[in-house]
Amino acid sequence: MGKGSEDLVEKESLNSTPVNSDTFPAWAKDVAECEEHFGVSREKGLSTDEVLKRHQIYGLNELEKPEGTSIFKLILEQFNDTLVRILLAAAVISFVLAFFDGDEGGEMGITAFVEPLVIFLILIVNAIVGIWQETNAEKALEALKEIQSQQATVMRDGTKVSSLPAKELVPGDIVELRVGDKVPADMRVVALISSTLRVEQGSLTGESEAVSKTTKHVDENADIQGKKCMVFAGTTVVNGNCICLVTDTGMNTEIGRVHSQIQEAAQHEEDTPLKKKLNEFGEVLTMIIGLICALVWLINVKYFLSWEYVDGWPRNFKFSFEKCTYYFEIAVALAVAAIPEGLPAVITTCLALGTRKMAQKNALVRKLPSVETLGCTTVICSDKTGTLTTNQMAVSKLVAMGSRIGTLRSFNVEGTSFDPRDGKIEDWPTGRMDANLQMIAKIAAICNDAGVEQSEQQFVSRGMPTEAALKVLVEKMGFPEGLNKVPSNDDVLSCSRLWSELEQRIATLEFDRDRKSMGVMVDSSSGKKLLLVKGAVENVLERSTRIQLLDDSVQELDQYSRDLILQSLRDMSLSALRCLGFAYSDVPSDFTTYDGSEDHPAHQQLLNPSNYFSIESNLTFAGFVGLRDPPRKEVRQAIADCRTAGIRVMVITGDNKSTAEAICREIGVFEADEDISSRSLTGKEFMDVQDQKNHLRQTGGLLFSRAEPKHKQEIVRLLKEDGEVVAMTGDGVNDAPALKLADIGVAMGISGTEVAKEASDMVLADDNFSTIVAAVGEGRSIYNNMKAFIRYMISSNIGEVASIFLTAALGIPEGMIPVQLLWVNLVTDGPPATALGFNPPDKDIMKKPPRRSDDSLITAWILFRYMVIGMYVGVATVGVFIIWYTHNSFMGIDLSQDGHSLVSYSQLAHWDQCSSWEGFKVSPFTAGSQTFSFDSNPCEYFQQGKIKASTLSLSVLVAIEMFNSLNALSEDGSLVTMPPWVNPWLLLAMAVSFGLHFVILYVPFLAQVFGIVPLSLNEWLLVLAVSLPVILIDEVLKFVGRCTSGYRYSPRTRSAKQKEE
């Protein structure tokens, strides 16, 4: 029982009005019992006083709006991420340190403030994007309100009130419904004004046809489709008028329950597989950063804390706040270096590029992370109607009479839509239609109230889809020669219109559920008046006494011919075809002069539907057709592709079992002769299964028919609990809760309701199942590329950490300051990482099984590789720093041109003791147009004077990371087999990154902000000499990886199989 229902019961206990619709099964009670229970009569309706009482109990007939998350809570949620919290802490500490250092002013003061401000800016932008996504996520509930009816015609105090706001309805109200009305609440049908009532409720139940309603009660345990005496809020009356009794309003309606299920599903939304892995990585990173920071402090504690031993005890402690702060800054730099700040931006960019690629394939992604989740989809739960099928009724078979008694002719009809040009009739005698085929065309065209219109790029039905399909058949049949009429190419239904001109319709005998047929009287161009009838084949055949043959001769309908027609009907019904028969006769003698006038004596017979049965008797049977909601042409291949890609397909539909099974066999979910007794269940049967998870684990396809929203939701929930990554497709209101709950909710763009679209992660612009399969392939490609740039960025960060750690361990001056590392992580690394997202997909990407959602992003071997690369980055950046201070040349490259003084490695490692060195002097050196002199304080050579060495370290870091991006083109493939030009975007990105680095080097203001100076040609040669070996090192590691790949992967494959068994 939902929350709204609990509130209802609670309120009722406080009120004397004896109405409790939640526990009263109105569908299982006759009309008199319902009126008695709700304390109302259909003639008078409720009194004003009673309405006021019930308003206090039930409230307004509208869906409740859930309380939105406060903006403050949304802001806090954006910082509920490990990486973000580390960054925030680093920014706060940096800001505090910069503030205390600010008294000194100068260049380093400016630099110190840039870093925390940039980090804060990143966090603010990240929070704004997150909040925007959150506030846009729950529009599905608003879209549900659009479905609700706005007004209703109600009986109150014995008076009919038209246009009463639907929100003012209460249980017990008497409401009149007409054709075209949207049902305002869940209601019990108490009386039919017309002979028949049909309601389109497919968006709520998934049924492919409009449902006939009755006043007769049904079984108490009937499912929503079986409640034939109930009409549900949000559905539409397509035929007939009736009087109804309101049984449930607001949140207690079926659509209200869907609303509650969407809310519940929204609360259970989980992070995507990638987000989970990044969170895990962030937690591991936190521990590593903590350990390394502690280690750096322990190594350097002697520099800011010293003591003497007196009598065996430590005494005379000396603490240097300045040096303590300095090493604290190194720890902050370490945190900045270890966090790939640019990773969220690069991931977002890559996903955005992926959405553009998918949009070109008609898959419109509403939520960026779903692009990545698609790549590991293991199960696709698909709705049938409108997804696997066209949701457009089409005639697939036409059966006509033969040339002699006891013979039939059968024609297969192509086409799956309402487009008359979609397909043709096989073996059709174009332009040579015999009299029997002409009669079938005439009845199909005239005994028909539907139409077909062209709306933008597609054809849509106006009226009953079944009748619209008959009009399309007439157009495919064409117009017979010799009738002096030529169909128009501009008119969609030109043949039907020409038949209507030849045979003027003068009366209509409406369809009703007892005789199951519809008839029209026509004034024929031949001068005769005819009665044309269409309806259920058994019923029409029962009232037929003759058959029309191919040559227009009429013979007695013998038992053999009757049995032959019924056998053909049974065969077509087994293929899930809905069959309609056609018959005709001369009008009864009373109507031979009838012209449609109300004054004619025979007109009175037409006012009473009980006379229709006798009028439609002694018919001549002409033939029949089989209709269905046909499968899409591309679906069979798409399902075969899913099987190849290791993805299971489950069909979950509200339609009946036999229809769904026939479609599933046709599209390849099941084989034609496969025993599917254990694979095809109704929603109710599945809920009664003892071990539901075991049932869902069966290999191959599964079918669930007559499924209600709660069944779909339960299936998705169980699959997710079992570790599956579920993509759910759907188009109706009934699909919305499951779409919301699934890892990937896929809605239909053309036939889908707004509710389904808003609850989804992805919308198919062409409503085509095969588009999902293409999107899965794209998702796999994007994930592989994301892995490439995540590995690249993380390896870069390992190198930065190694550099800072070696600096601290060796005791040399700090090589790179935090703002430089931030620049590398955000700007320099960004373009190559993004460009790796353009790597071409593997050719066999859809021939591999889906990756497991718990597959590690970085395997032990990959981590080892990047630890090796990272250590080299650390050695190279620190090494070039030491080389500048201690060597005049390196590998034949002259470094003495700037005039800097050389020191020994020992002096560099103990630079903090410089003030105690006697006679220590350094000469001035040049950098670009600047000259650095240290006459007043030679020890500044290790602080202000390190600017050139620091620039070399930064440039080596940038160069190594550019070359390392080439290594990331393939996980194990050599650059010989996958050369850099396979991804020209990467070469362009490398040029952009180098260009940005040149900008900060050679623009004076930026050089001052980043604490660097221009480099000479020889110094650039040194940078390249130190950087290029990273390619050779990774080539060796890749070769080892290729040689050991079988050893590394085979045990895991075996264990995976054992786990499955």
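Residues numbered from 1 in each chain as written. Predicted model: local features only at pLDDT ≥ 70, side-chain atom pairs only at ≥ 80, totals over all residues. Heavy atoms only, no water.

- Under the annotation held in an unreviewed UniProt entry, the chain carries the name P-type Ca(2+) transporter and is attributed to Arabidopsis lyrata subsp. lyrata.
- Under the UniProt heading Subcellular location (unreviewed entry), the entry covering the chain gives this text: "Membrane".
- In UniProt, the chain has this text filed under Sequence similarities (unreviewed entry): "Belongs to the cation transport ATPase (P-type) (TC 3.A.3) family. Type IIA subfamily." (UniProt positions renumbered as here; feature names shortened; annotations may be inferred.)

1. Section: the overall build of the chain
So, point 1. Check the secondary structure of the chain and you find 38 helices and 34 strands.
So, point 2. Counting only residues that meet the buried cut, the chain has 56% of its 1061 residues in that class.
So, point 3. In the chain, the proportion of contacts linking residues at least 24 apart, taken out of those at least 6 apart, comes to 71%.
So, point 4. Entry remark: accessible area of the chain is about 45,600 Å², with carbon and sulfur atoms responsible for 55%. (Helix = DSSP H or I, 4+ residues; strand = E, 2+ residues; numbered from the N terminus. Buried < 20%, exposed > 50% of the residue type's maximum accessible area, 1.4 Å probe, protein only. Contact = heavy atoms within 4.5 Å. Areas by Shrake-Rupley, 256 points an atom, 1.4 Å probe, with all protein chains shown as cover.)

2. Some words on the state of the cysteines
So, point 1. If you walk through the whole model with that rule in mind, you get 1 disulfide.
So, point 2. Paired through a disulfide, Cys914 and Cys939 show a sulfur-sulfur distance of 2.0 Å. Across the S-S bond of Cys914 and Cys939 the torsion is about -95°, and the bridge reads as left-handed. Remark: Cys939 occurs in the loop between strand 34 (930-932) and helix 34 (947-967) and Cys914 occurs in the loop between helix 33 (905-909) and strand 33 (925-927); sequence separation between them is 25 residues.
So, point 3. Residue Cys914 is classed as buried on the basis of its relative accessible area of 2%. (Disulfide = S-S within 2.5 Å.)

3. A word on the confidence of the model for the chain
Low-pLDDT portions of the prediction should not be read for the details of their coordinates.
So, point 1. Here the chain averages 80 in pLDDT, while 85% of its residues score no lower than 70.
So, point 2. Here residues 103-108 scores under 50 on pLDDT; set against residues more than four positions off or in separate chains, the count is 3 contacts.
So, point 3. Note that pLDDT drops below 50 for residues 136-141; the model gives that stretch 14 contacts with residues more than four away or on any other chain. (pLDDT = per-residue confidence, 0-100.)

4. Focus: the pairing of strand 24 (residues 619-628)
So, point 1. The element strand 24 is extensively covered by neighbouring structure, given that 10 of its 10 residues are classed as buried.
So, point 2. Two strands pair when backbone bridges link them, and strand 14 (residues 394-401) and strand 24 are joined in this way by 6 bridges, in the antiparallel orientation. Counted as the bridge partner of Ala400 is Gly623 from strand 24.
So, point 3. With 3 bridges joining them, strand 21 (residues 544-548) and strand 24 adopt parallel strand pairing. Bridging across to strand 24, Arg546 finds its partner in Thr620.
So, point 4. For strand 23 (residues 578-586) and strand 24, the ladder comprises 7 bridges, and the chain directions are antiparallel. Across the sheet, the residue bridging to Leu580 is Val625, located in strand 24. (Pairing = 2+ DSSP bridges.)

5. Some points on a nonpolar patch on the surface
So, point 1. The grouping of Leu1017, Leu1021, Leu1024 and Leu1028 at the surface amounts to a nonpolar patch, some 370 Å² of accessible area in total.
So, point 2. Note that Leu1028 resides in the loop between helix 37 (1017-1027) and helix 38 (1029-1060). (Patch = residues over 30% accessible without salt bridge, like charges linked within 9 Å, V, L, I, M, F, W, Y side chains within 5 Å. Salt bridge = Lys/Arg side-chain N within 4 Å of Asp/Glu carboxyl O.)

6. Describing the pattern of salt bridges
So, point 1. If you walk through the whole model with that rule in mind, you get 29 salt bridges.
So, point 2. Across the pair Asp173 and Arg156 runs a salt bridge, and its minimum N-O distance is 2.7 Å. Taken together, the residues span a long stretch of sequence, with Asp173 in the loop between strand 2 (159-165) and strand 3 (174-177) and Arg156 in strand 1 (residues 151-156) at a distance of 17 residues. In terms of burial, Asp173 and Arg156 fall into one category: buried.
So, point 3. Because the salt bridges share partners, they merge into one network encompassing Lys693, Glu714, Arg717 and Glu721.

7. Brief notes about the UniProt feature "transmembrane region" (unreviewed entry) in the chain
So, point 1. UniProt records the feature "transmembrane region" (unreviewed entry) for residues 82-100, 112-132, 284-305, 325-353, 789-812, 858-885, 985-1005 and 1020-1040 in the present numbering.
So, point 2. The span residues 284-305 shows a helical share of 95% and a strand share of 5%, and its end C-alpha atoms are spaced 30 Å apart.
So, point 3. With 95% helix and 0% strand, residues 985-1005 has its two end C-alpha atoms placed 30 Å apart.

8. Some thoughts on helix 32 (residues 860-886)
So, point 1. When the terminal C-alpha atoms of helix 32 are compared, their 38 Å separation across 27 residues agrees well with the 39 Å that a helix rising 1.5 Å per residue should span.
So, point 2. In terms of residue burial, helix 32 counts as a mostly covered element, since 19 of its 27 residues are buried. (Expected span 1.5 Å × (residues − 1).)

9. Concerning the sheet that holds strand 4 (residues 186-192)
So, point 1. Across the sheet, which stays open at both edges, the 6 strands sit in the order 2-1-3-9-4-7 with antiparallel pairing between neighbours. Among the strands making up the open sheet, the edge pair consists of strand 2 and strand 7 (230-231).
So, point 2. In terms of strand pairing, strand 4 meets strand 9 (residues 242-248) through 6 bridges, oriented antiparallel. Each residue of the ladder has a partner; that of Val189, found in strand 9, is Cys244.

10. Comments concerning the packing of helix 15 (residues 435-446) against helix 16 (residues 465-477)
So, point 1. Viewed as axis vectors pointing N to C, helix 15 and helix 16 meet at an angle of 145°, and their least axial separation amounts to 8 Å. Every pair of crossing elements has a handedness; the one defined by helix 15 and helix 16 is left-handed. Facing Leu437, Ile440, Ala441, Ala444 and Ala445 of helix 15, the residues of helix 16 in contact are Leu470, Lys471, Val474 and Met477. (Axes fitted to C-alpha atoms, helices over the stretch in contact; angles between N-to-C directions. Left-handed = near helix turned anticlockwise from the far one by under 90°.)

11. Some words on the environment of Cys495
So, point 1. Inspection of the secondary structure assignment puts Cys495 in helix 17 (residues 494-502).
So, point 2. Along the backbone, Cys495 and Pro480 are 15 residues apart, and their C-alpha atoms lie at a distance of 9.6 Å.

12. Considering the nonpolar core
So, point 1. Grouped together as the largest cluster of nonpolar side chains are 132 residues, with contacts concentrated most on Met358, Met762, Phe769, Phe789, Tyr885, Tyr941 and Phe942.
So, point 2. The element contributing the most residues to this core is helix 29 (residues 769-810), with 17 residues.
So, point 3. Leaving out residues up to four positions away in the same chain, Phe769 has contacts with Ile380, Ser382, Thr387, Leu388, Val635, Ala638, Ile639, Cys642 and Val649.
So, point 4. One finds Cys229, Phe232, Val755 and Ala756 within the second-largest nonpolar core, a separate group that totals 55 residues. (Core = buried A, V, L, I, M, F, W, Y, C linked by side-chain atoms within 4.5 Å.)

13. Structural notes on the environment of Leu580
So, point 1. When you line up the elements, Leu580 lands in strand 23.
So, point 2. Overall, the relative accessible area of 8% leaves Leu580 in the buried class.
So, point 3. A sequence separation of 182 residues divides Leu580 from Leu398, and the C-alpha atoms of the two residues are 9.9 Å apart.
So, point 4. Aside from chain neighbours lying at most four places away, what touches Leu580 is Thr466, Leu470, Gly535, Ala536, Val537, Gly623, Phe624, Val625 and Leu627.

14. Side note on the sheet that holds strand 12 (residues 363-365)
So, point 1. The 8 strands are arranged 12-30-29-28-13-25-27-26 in an open sheet whose pairing can be described as mixed. In this open sheet, the two strands that pair with only one neighbour each are strand 12 and strand 26 (680-682). Averaged over neighbouring strand pairs, the angle between their axes works out to 20° when direction is ignored.
So, point 2. In the packing of helix 23 (residues 657-667) onto the sheet, contacts are made with strand 25 (648-652), strand 26 and strand 27 (702-705), and the angle to strand 27 comes to roughly 155°.

15. A short note on the side chain of Arg515
So, point 1. Mapped onto the elements of the fold, Arg515 is located in the loop between strand 18 (503-512) and strand 19 (517-524).
So, point 2. Within the structure, the side chain of Arg515 is placed 2.9 Å from the side chain of Glu616, a separation counted as a polar contact.
So, point 3. If we ignore the near neighbours within four places in the chain, the residues touching Arg515 are Leu509, Glu510, Asn539, Arg543, Tyr612, Phe613 and Glu616. (Polar contact = N/O pair within 3.5 Å; in protein donor to acceptor, adjacent residues only side chain to side chain.)

16. Let's talk about the pairing of strand 1
So, point 1. Strand 1 sits mainly inside the fold: 5 of its 6 residues count as buried.
So, point 2. Two elements, strand 1 and strand 2, share 5 bridges in a ladder whose sense is antiparallel. When the sheet's bridge partners are listed, Arg156 is paired in strand 2 with Thr159.
So, point 3. Taken together, strand 1 and the strand that follows it, strand 2, pair antiparallel across an intervening segment of 2 residues, in which Asp157 is found at a positive phi of about 55°.
So, point 4. Two elements, strand 1 and strand 3, share 3 bridges in a ladder whose sense is antiparallel.

17. So, helix 15
Note on helix geometry: an α-helix contains 3.6 residues per turn, so any two residues three or four positions apart are oriented the same way.
So, point 1. The end-to-end C-alpha separation of helix 15 is 16 Å, in line with the 16 Å expected for 12 residues at 1.5 Å each.
So, point 2. Where burial is concerned, most of helix 15 is hidden: 10 out of the 12 residues are buried.
So, point 3. Taken together, the buried positions of helix 15 are Asn436, Leu437, Met439, Ile440, Ala441, Lys442, Ile443, Ala444, Ala445 and Ile446.
So, point 4. Between a side-chain oxygen at the N-terminus of helix 15 and the backbone nitrogen of Asn436 the separation is 3.1 Å; the capping residue is Asp434.

18. Thoughts on the environment of Val179
So, point 1. Along the polypeptide, Val179 turns up in the loop between strand 3 and strand 4.
So, point 2. Residues within four places of Val179 in sequence aside, it is in contact with Val237, Val238, Asn239, Gly240 and Asn241.

19. Considerations on unusual backbone geometry
So, point 1. One non-glycine residue, Lys516, adopts positive backbone phi at about 55°.
So, point 2. On the accessibility criterion, Lys516 (41% relative accessible area) is partly exposed.
So, point 3. Of note in the backbone geometry, Arg706 takes a positive phi value of approximately 50° without being a glycine.
So, point 4. Along the polypeptide, Arg706 turns up in the loop between strand 27 and helix 26 (709-721).

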